[in-house]
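# Architecture at a glance
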Amino acid sequence: MKHLRYGGSTAARTYACPGWVEQSKDIPKRPAGQAAIDGSMHHEVMERCQRDEVTPEQCLGLIYKEDGVTREFTEDDLDLSNIAYNAANAVMDTLDIDELLVEPFLQIIEGEAGGSIDLLGLSADKKTLMVLDYKFGRKKVKAIKNAQLMFYALCAMRDAQTSDMFKHLVDIQCVIIQPYNKTAVD
């Protein structure tokens, strides 16, 4: 996964304190913990499900590798991924998503600011854009006024790959799918 200096996952921090990037440049990156690796594995399963039009069950045995750690997607992981998979598909059905991009890498400033959106979708009538992000952590993340999702929407608006999606747009729906919470969609 490519990371730029300014990205979606750090958008809230950047808006609050733009100097953080320069001030933290010499701090070494810590290896991912087990919870992060588990979440990234579930993201990989969700990406594969949407990209290849398969179900989480069809991803059993997937091997995810990060920071020298290997993690297999097993039956014990199915409940969480099925919740996310079903919630994402329900949202896309509700919004009548007709055009779907899985993990598009979009930029506002080439090589400097941008990132990968989990799912970017456009409704059949071209009036609704969906910016969807999976969160597999236990801390609740709100979709309303979510800096990461708004940053991704801006990336989609400015990047030549997706700027045409905005021609007839009336509404942008920012969606968080977070299966550990009482509700899977916010």
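Scroll up a little and you will see the structure.
So, how was this worked out
- Residues numbered from 1 in each chain as written.
- Predicted model: local features only at pLDDT ≥ 70, side-chain atom pairs only at ≥ 80, totals over all residues.
- Heavy atoms only, no water.
- Disulfide = S-S within 2.5 Å.
- Helix = DSSP H or I, 4+ residues; strand = E, 2+ residues; numbered from the N terminus.
- Buried < 20%, exposed > 50% of the residue type's maximum accessible area, 1.4 Å probe, protein only.
- Pairing = 2+ DSSP bridges.
- Axes fitted to C-alpha atoms, helices over the stretch in contact; angles between N-to-C directions.
- Parallel < 35°, antiparallel > 145°, perpendicular 65-115°, else oblique.
- Left-handed = near helix turned anticlockwise from the far one by under 90°.
- Contact = heavy atoms within 4.5 Å.
- Nonpolar A, V, L, I, M, F, W, Y, C, P; charged D, E, K, R; others polar.
- Expected span 1.5 Å × (residues − 1).

## Quick notes on the state of the cysteines
In the structure shown here, the tally under the stated rule is 0 disulfides. With no disulfide partner, Cys59 has as its closest neighbouring cysteine sulfur the one in Cys49, 4.0 Å distant.

## A short note on the side chain of Asp159
For Asp159, the location among the structural elements is in the loop between helix 5 (147–158) and strand 8 (171–177). Take Asp159: its relative accessible area is 9%, and that puts it in the buried class.

## Details of the pairing of strand 2 (residues 69–72)
One ladder, built from 4 bridges, connects strand 1 (residues 63–66) with strand 2; its direction is antiparallel. Within the sheet, the bridge partner assigned to Lys65 lies in strand 2 and is Thr70. Counted along the chain from strand 1 to the antiparallel partner strand 2, the turn is 2 residues long, and its residue Asp67 has a positive phi close to 50 degrees.

## Observations concerning the packing of helix 3 (residues 34–52) against helix 4 (residues 78–94)
Where helix 3 meets helix 4, the closest approach of the two axes is 10 Å, and the angle between their N-to-C directions is 45 degrees. With respect to helix 4, the element helix 3 is oriented oblique. Helix 3 and helix 4 meet at a crossing whose hand is right-handed. Judged by residue contacts, His42, Val45, Met46, Cys49 and Gln50 of helix 3 engage Leu80, Ser81, Ala84, Tyr85, Asn89 and Met92 from helix 4. Of the residues that constitute the contact of helix 3 with helix 4, the class distribution is 7 nonpolar, 4 polar and no charged.

## As for helix 4
Between the first and last C-alpha of helix 4 there are 24 Å, a value that for 17 residues agrees with the 24 Å anticipated at 1.5 Å per step. Among all positions in helix 4, only Leu78, Leu80, Ser81, Asn82, Ala84, Tyr85, Ala87, Ala88, Val91 and Met92 are buried. On the buried face of helix 4, the contacting elements are helix 3, strand 3 (97–102), strand 6 (119–123), strand 7 (128–134) and strand 8. Taken from the residues just after helix 4, Asp96 is the one with a positive phi, measuring 55 degrees.

## Considerations on the sheet that holds strand 3
A sheet is described by the order of its strands in space; here 4 strands give the open sequence 3-6-7-8, paired in mixed fashion. Two strands lie at the open edges of the sheet, namely strand 3 and strand 8, each paired on one side alone. Across the sheet, the mean angle from the axis of one strand to that of its neighbour is 20 degrees, orientation sign disregarded. Judged from the 5 bridges that link them, strand 3 and strand 6 form a sheet pairing that is antiparallel. When the sheet's bridge partners are listed, Glu99 is paired in strand 6 with Leu122. Along the sheet face, helix 5 touches strand 6, strand 7 and strand 8 and points at about 130 degrees away from the line of strand 7.

Note that every value here comes from positions in space, so none of it alone points to a role or purpose.
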